[in-house]
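A closer look at the structure
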Amino acid sequence: WQQLEYFGHLRGSFDKKYVKELSKRLDCKLDKKFKHLSRGNKQKVGLIAALMHKPDLLIFDEPTSGLDPIIQEEFNKIILEQKSQGVTTFISSHMLSEVEEICDNIAFIREGKIIAKKTMAEITGSSTRLVKISGLGTHDAKKFTQSLQIENSTNHENTLSFSFGGDINKLIKNLSAYKIMEISIKEPDLESIFMNYYEGKNA
């Protein structure tokens, strides 16, 4: 508490009630000496120090490092609340699930250079999806993949699997001519998209 109080007075004044609210949400005990805290609890104090003055701009570097999943989720909620109030937040993170949940715009950095900068919608919308179709016979599967110029497909135990980066509506329209048992279309997660950029496939 003394550490946060010191930061608060450096600025001139601070909302003690808000600090206590943040400490409760992040499960941070403020009655211990900072040097005796675990790495995760020290991280929580840092987050409270960044948030306590309700700034218009927040900059975080690996903000949830050392936090357990429940506290990570609570931090994400706090950032989304800040966003709804017009606060801009920059986050550098290797927790791609975290980035995917709370960020609108993303920049991929490799070797100190930005190799891609897009909105989340652009990144996920333009990426390939993993499609699995059950019930297509060998002949129909071959005919279907040829109609969409799909390459590198596999057909195992009557289940056709392939990656598809084209118009999903066109895929569904072409598929309507066939009788199938089941279809699964999996959206790419940010980690797989990041690896594509990192490996230079979309650089």
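Residues numbered from 1 in each chain as written. Predicted model: local features only at pLDDT ≥ 70, side-chain atom pairs only at ≥ 80, totals over all residues. Heavy atoms only, no water.

Another aspect to go through is the overall build of the chain. Across its full length, the chain holds nine helices and eight strands. The C-alpha radius of gyration computed for the chain amounts to 24 Å, which surpasses the reference 17 Å derived for 203 residues by more than 25%, pointing to a less compact arrangement than a globule. For the chain, the residues scored as buried account for 33% of the 203 residues in total. The contacts of the chain with a sequence gap of at least 6 include a subset with a gap of at least 24, amounting to 60%. When the 29 basic and 27 acidic side-chain charges of the chain are each reduced to a single mean position, those positions are 2 Å apart. (Helix = DSSP H or I, 4+ residues; strand = E, 2+ residues; numbered from the N terminus. Rg over C-alpha atoms; globule rule 2.2 N^0.38 Å. Buried < 20%, exposed > 50% of the residue type's maximum accessible area, 1.4 Å probe, protein only. Contact = heavy atoms within 4.5 Å. Lys, Arg positive; Asp, Glu negative; His and termini not counted. Charge placed at Lys NZ, Arg CZ, Asp CG, Glu CD.)

Turning our eyes to something else, we now look at the environment of S97. Tracing the backbone through its elements, the reader meets S97 in helix 5 (residues 96–102). Spatially, the C-alpha atoms of S97 and K29 are 27 Å apart, while their sequence positions differ by 68 residues.

Take T64: it is sitting in the loop between strand 1 (57–61) and helix 4 (69–84). For T64, the contacting residues outside a window of four places in its chain are Q43, Q72, F75, M95 and E98.

Here the focus is the pairing of strand 1. Across a regular strand the side chains alternate sides, sitting on one face of the sheet and then on the other. Covered by surrounding structure in strand 1 are L58 and F60 only, the residues L57, I59 and D61 on the alternate face being uncovered. Pairing of strand 1 with strand 2 (residues 88–92), which is carried by five bridges, proceeds in the parallel orientation. Across the sheet, the residue bridging to L57 is T88, located in strand 2. Between strand 1 and its parallel partner strand 2, the chain crosses via helix 4, and the hand of that crossover is right-handed. (Pairing = 2+ DSSP bridges. Right-handed = clockwise from strand over helix to strand, strands pointing away.)

Before going further, it helps to examine the sheet that holds strand 6 (residues 154–156). The strand order 6-7-5-8 describes an open sheet built from four strands, whose pairing is antiparallel. Only two strands of the sheet have a single neighbouring strand rather than two, namely strand 6 and strand 8 (182–186). Averaged over all neighbouring strand pairs, the angle between strand axes comes to 15°, with direction disregarded. Sheet strands touched by helix 7 (residues 138–147): strand 5 (129–134), strand 6 and strand 7 (159–164). Its angle to strand 7, the strand with the most contacts, is close to 10°. Docked against the sheet, helix 8 (residues 168–175) engages strand 5, strand 7 and strand 8, running at close to 170° with respect to strand 8. (Axes fitted to C-alpha atoms, helices over the stretch in contact; angles between N-to-C directions.)

Below, the discussion takes up the packing of aromatic side chains. The final tally for this structure, using the stated rule, is five aromatic pairs. A connected cluster of aromatic rings, assembled from ring pairs, spans F144, F162 and Y178. Here the basic side chain of K20 rests over the ring of W1, its NZ or CZ set 6.0 Å away from the ring centre. (Phe/Tyr/Trp six-rings, centres within 6.5 Å; stacked < 30°, edge-to-face > 60°. Lys NZ or Arg CZ within 6 Å of the ring centre and 35° of its normal.)

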